[in-house]
Amino acid sequence: MMSSLRLENISKQFEGSMAVNNLSLEIADGEFLVLVGPSGCGKSTLLRLLAGLEQVTEGRILQAGTDITALEPRERNFSMIFQNYALFPHMTVEQNITFGMRMRNEPKSKHRARVDRVADLLQLGELLNRKPGKLSGGQRQRVAMARAIVRDPKLFLMDEPLSNLDARLRTEVRDGIMTLHQQLKTSTVYVTHDQMEAMTMADRIAVLNKGHLQQIGAPQTLYAHPANLFVAGFIGTPAMNIFKLPCRDGVVMVGNQAVNLPDTAHARQLTEVYLGIRPEHIDDSSAYRDPGNPGERLHLEASLTYCELLGADYLNHAQSPLGALRYLRENRGNAPQANQQVSLSFSLHDIHLFSGQNQQNLHRESQNA
Ligand SMILES: Nc1ncnc2c1ncn2[C@@H]1O[C@H](COP(=O)(O)OP(=O)(O)OP(=O)(O)O)[C@@H](O)[C@H]1O
Ligand SMILES: [Mg+2]
């Protein structure tokens, strides 16, 4: 993989806090990388370090092998799109888009072709002579994007560009960004705290927590093989059910069934593990759902507490011997009722086990061992 950008052991210390802590990653040429994590985990700081708007406390940033750590923002030729995009209200859409080119005294003859190209990509052709005050939120955000891409940057940096838009516009602008990316193939680092947005847009997702990189990988990798308890709880909607259970000699009791932990020295000396099971992997014997892979299954008797209709599915909340849990049930046949007794089961293949000590995935540990 050709790497367009490489971060080596980047840290950023503010007074009293490490916003980014010894973080290394590579962004491939043409890749769409999404940074996710809870509020305050360091996403914007990392983006600002890439842009050159903040200086790293430690570490290096390399672009195509060249150290750019000390370069000024304008020397990097990256384009940044913020959550609060500021358009000039007294200028037309076209003047807003060409503002940077005019500031750099680029020849007028070049403007026309480039404006037409981005206006076409972002469907702004009809709006070029309007002022921002007469545009919808989504249209304004597309103008802000047009202004960023007209420069033909080496890298796009986007900080929650959809968060000010309503649900329908989010989808519209998101589709616009993806179409654009497919055509331009410009490497992009995209920040969001919305893991659904991350799942649908990313080539790879990087999960941050408290300035630390937790895991980086394809959306499906993070979903199927979360490296630790944090990623397990963060990726996936509705969130994974997680139970803290006692264990001994590498065996955990799930209800009255014994489940072997992966056979490692670490697992054998544990006294507690976290068992994770996704709501979509729990089957309800009263539903029409095909249990698919029968394999070895674990069974739980539970009582429904309440049922949320999501549309195609119900999200059922239940009390089980392991604790409260949630699972998805198809919206077919009789509607589930509160207080109803249900027989739940799930496959051993679908469970995730995390160390009670360091919260790392025990399966990954045994694979790496
Ligand atoms: N200029 C600054 N001076 C001091 N501390 C800062 C500064 N900028 C950010 N921080 C701190 O660094 C940490 C990371 O902030 P950052 O803005 O990167 O988070 P974020 O992940 O973008 O959060 P959000 O999702 O809320 O936008 C926070 O604890 C924040 O308070
Ligand atoms: Mg932020």
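As a starting point, this report considers the structure included with it. (Residues numbered from 1 in each chain as written. Chains lettered and ligands numbered in written order. Predicted model: local features only at pLDDT ≥ 70, side-chain atom pairs only at ≥ 80, totals over all residues. Heavy atoms only, no water.)

## With respect to the pattern of salt bridges
What counts here: Salt bridges are identified by distance alone: a Lys or Arg side-chain nitrogen within 4 Å of an Asp or Glu carboxyl oxygen. For every residue, the accessible area obtained with a 1.4 Å probe (protein chains only) is divided by the maximum for its type, and the residue is called buried under 20%, exposed over 50%, and partly exposed between those limits. Numbering goes from the N terminus for both helices and strands, where a helix is a DSSP run of H or I of at least four residues and a strand is a run of E of at least two.
Taken as a whole, this structure holds 17 salt bridges when the rule is applied. Asp67 is the salt-bridge partner of Arg60, the closest N and O atoms lying 3.7 Å from each other. Classification of Arg60 as partly exposed rests on a relative accessible area of 37%. When its relative accessible area of 39% is taken as the criterion, Asp67 is described as partly exposed. The residue Lys244 makes a salt bridge to Glu272 at a minimum N-O spacing of 3.7 Å. Here Glu272 lies in strand 14 (residues 272–277) and Lys244 lies in strand 11 (residues 241–248), a separation of 28 residues in the sequence.

## A word on the packing of helix 3 (residues 93–103) against helix 4 (residues 108–121)
We apply this condition: A fitted line through C-alpha atoms serves as each axis, taken over the contacting stretch for helices, and the angle formed by two N-to-C directions is quoted from 0 to 180°. The scheme is simple: roughly parallel for angles under 35 degrees, roughly antiparallel for over 145, roughly perpendicular for 65 to 115, oblique for anything else. Left-handed is the label given to a crossing in which the near helix is rotated counterclockwise from the far helix by less than a right angle, and right-handed is the label when the rotation is clockwise. Should any heavy atoms of two residues lie within 4.5 Å, those residues are counted as being in contact.
Across the interface, helix 3 lies against helix 4 with an axial gap of 11 Å and an inter-helix angle of 130°. In terms of their interaxial angle, helix 3 and helix 4 are classed as oblique. Crossing angle aside, the handedness with which helix 3 passes helix 4 is right-handed. On helix 4, the residues that touch Glu94, Ile97, Thr98, Met101 and Arg102 of helix 3 are His111, Arg112, Arg114, Val115 and Val118.

## A short note on the site of ligand 1
Which entries qualify depends on this criterion: Any residue with a heavy atom positioned within 4 Å of a molecule or strand is treated as near that molecule or strand. Definition of a polar contact: a pair of N or O atoms within 3.5 Å, with one able to donate and the other able to accept a hydrogen when the atoms are protein atoms, and with sequence-neighbouring residues admitted only if both atoms are side-chain atoms. Residue-level accessible areas treat just the shown protein chains as cover; the underlying method is Shrake-Rupley with a 1.4 Å probe. Amino acid classes used here: Ala, Val, Leu, Ile, Met, Phe, Trp, Tyr, Cys and Pro are nonpolar; Asp, Glu, Lys and Arg are charged; the rest, including Gly, are polar.
Every residue close to ligand 1 is listed here: Phe14, Ala19, Pro38, Ser39, Gly40, Cys41, Gly42, Lys43, Ser44, Thr45 and Glu160. Between ligand 1 and Cys41, the relevant distance is 3.2 Å, taken from an oxygen atom to a main-chain nitrogen or oxygen of the residue. At 2.8 Å, a side-chain N or O of Lys43 approaches an oxygen atom of ligand 1. When ligand 1 sits alone it has 640 Å² of accessible area, and the protein chains cover 58% of it. The element best represented in the shell around ligand 1 is helix 1 (residues 43–51), accounting for three residues. Looking at the shell around ligand 1, its residues break down into four nonpolar, five polar and two charged.

## As for the nonpolar core
Short version of the rule: Residue types Ala, Val, Leu, Ile, Met, Phe, Trp, Tyr and Cys, when buried and joined through side-chain atoms within 4.5 Å, form a set referred to as a nonpolar core.
Ranked by size, the top nonpolar core spans 45 residues in total, and within it Ile97, Leu124, Ile177, Tyr190 and Val207 carry the most contacts. Ranked by the residues each element gives to this core, the list is headed by helix 5 (residues 137–149), at six residues. Sequence-distant contacts of Val207, defined by excluding residues within four places in its chain, comprise Val36, His212, Leu213, Gln214, Gln215, Leu222, Phe230, Val231, Phe234 and Ile235.

## Quick look at the sheet that holds strand 8 (residues 187–191)
Strand pairing in a sheet is mediated by backbone hydrogen bonds. Such pairs are either parallel or antiparallel. Selection criterion: Note on pairing: two strands pair once DSSP finds at least 2 bridges between them.
Taken in spatial order, the six strands make up an open sheet running 6-7-8-3-9-10, and their pairing is mixed. A single partner strand is all that each edge strand has here, and the edge strands are strand 6 (78–81) and strand 10 (212–217). Averaged over neighbouring strand pairs, the angle between their axes works out to 15° when direction is ignored. Where helix 5 meets the sheet, it contacts strand 6 and strand 7 (155–159), and its direction lies at approximately 170° from that of strand 6. The sheet contacts of helix 6 (residues 167–184) involve strand 3 (32–36), strand 7 and strand 8, and relative to strand 3 the element is tilted by about 140°.

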